[in-house]
Amino acid sequence: MRLQWQLQRKLGENNAESTLERLVTRFPKQEYWAALVAPVAQRAGDNDRLLIEAFRVLRVTGGLADADTREGMVETALRLGQPAEALAVAEEGVAKGTYPKGPRAANQQKLMDQARKAAQLDQADRKAAEAAALKAPSGEALVDLGWSDVAALAFGARPAAAQRGLAWLEQGVSRGGLKRPIEAQMHLGVAQLLAGRKEAGQATLRAALELAQAAKDPLLDAVRLWHLYASSL
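Reading the values: the criteria
- Residues numbered from 1 in each chain as written.
- Predicted model: local features only at pLDDT ≥ 70, side-chain atom pairs only at ≥ 80, totals over all residues.
- Heavy atoms only, no water.
- Helix = DSSP H or I, 4+ residues; strand = E, 2+ residues; numbered from the N terminus.
- Rg over C-alpha atoms; globule rule 2.2 N^0.38 Å.
- Buried < 20%, exposed > 50% of the residue type's maximum accessible area, 1.4 Å probe, protein only.
- Contact = heavy atoms within 4.5 Å.
- Areas by Shrake-Rupley, 256 points an atom, 1.4 Å probe, with all protein chains shown as cover.
- Lys, Arg positive; Asp, Glu negative; His and termini not counted.
- Charge placed at Lys NZ, Arg CZ, Asp CG, Glu CD.
- Phe/Tyr/Trp six-rings, centres within 6.5 Å; stacked < 30°, edge-to-face > 60°.
- Lys NZ or Arg CZ within 6 Å of the ring centre and 35° of its normal.
- Polar contact = N/O pair within 3.5 Å; in protein donor to acceptor, adjacent residues only side chain to side chain.
- Salt bridge = Lys/Arg side-chain N within 4 Å of Asp/Glu carboxyl O.

A. Representation of the overall build of the protein. Across its full length, the protein holds 13 helices and 0 strands. Start at the N end of the protein and walk to the C end: the helices and strands fall as α-α-α-α-α-α-α-α-α-α-α-α-α. Whereas a compact globule of 233 residues would reach a radius of gyration of roughly 17 Å, the protein reaches 18 Å, a difference of no more than 12%. Structurally, the protein occupies a C-alpha span of about 55 × 45 × 30 Å along its principal axes. Buried positions account for 45% of the 233 residues belonging to the protein. Put simply, of all contacts in the protein between residues at least 6 apart along the chain, 59% involve residues at least 24 apart. For the protein, the exposed area adds up to about 11,700 Å²; of that, 53% sits on carbon and sulfur atoms. In the protein, 31 positive and 27 negative side-chain charges are present, and the distance between their average locations comes to 3 Å.

Quick look at the structure:
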């Protein structure tokens, strides 16, 4: 199948991507994931919500190999108001000795400092944010709190670490009134996977994919990536 994909890609055949999708579910190597995520990131354009999901899939599949790619994820997470996630990604690079590094090291350090300061402010406001979310008529704020917890988990964190964020997400999705219900369901499925509930996560992401396909949702590519990731486990 690898040879088939390589030949299809060389010849520019349209079905090369579908062959690659089958390949990553059977042989989930980092190089295959990187090849699958790359065109999604390119298609994202100015859609940061799609771009960050591409980075997130790269992260869980071990694809943040160089400082520039890691910097891209840190910067995108900051733009989307996810400083704790940005800080976690940056600190993983520090621990590996790969970030900050190279000619852009000064900017990378600056981004990490910004993430740390913003994450500290968010943490200081956490109790007030939780109280407001619980009183809100919709589940939007609950979903945001839950996903912030999950997204900020260290790479390879134990399943128990995802339980708090998962609980917030479940409560928020159940309450409804969401601006982006498909994105919320996708994040719920990812949280279930990270919490060790593989079958539940696979089912949630399968349902999210069906909804995204029917609605032609802007995050369809992201939902498909996460569904493929779930299928590879």
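B. Just the packing of aromatic side chains, in detail. What the rule picks out here adds up to 2 aromatic pairs. Between Trp-226 and Tyr-229, the aromatic rings sit 5.8 Å apart at their centres with planes inclined by 85°, giving edge-to-face as the arrangement. Of this pair, Trp-226 and Tyr-229 both sit in helix H13 (residues 220-232), 3 residues apart, which is roughly one turn of that helix. Under the relative-accessibility criterion, Trp-226 is labelled buried at 2%. An aromatic cluster of three or more residues is present, and its members are Trp-33, Trp-226 and Tyr-229. For the cation-ring pair, Lys-96 lies above Phe-155, with the distance from its terminal atom to the ring centre recorded as 5.6 Å.

C. Layout of the side chain of His-187. Inspection of the secondary structure puts His-187 in helix H11 (residues 181-194). Take His-187: its relative accessible area is 5%, and that puts it in the buried class. Looking at His-187, its side chain comes within polar contact range of the side chain of Glu-53, at 2.7 Å. If we skip the residues at most four places from it in the chain, His-187 touches Glu-53, Arg-56, Trp-147 and Leu-169.

D. Geometry of the pattern of salt bridges. According to the stated counting rule, one finds 16 salt bridges in the structure shown. Its salt-bridge partner being Arg-79, residue Asp-48 comes within 2.8 Å of it at the nearest N-O pair. Highlighted residues: Asp-48 in helix H4 (residues 48-60) and Arg-79 in helix H5 (residues 67-79), separated in sequence by 31 residues. Residue classification places Asp-48 among the buried residues on the basis of a relative accessible area of 18%. The closest approach of N and O atoms between Arg-224 and Asp-221, which form a salt bridge, is 3.2 Å. With Arg-224 and Asp-221 both in helix H13, this residue pair falls 3 residues apart, about one helical turn. Judged by relative accessible area, Asp-221 falls into the buried class, the value being 16%. Three or more residues joined by partner-sharing salt bridges are found here, namely Arg-126, Glu-130, Asp-149 and Arg-164.

Spatial relationships are all this shows, so hold off on functional conclusions.
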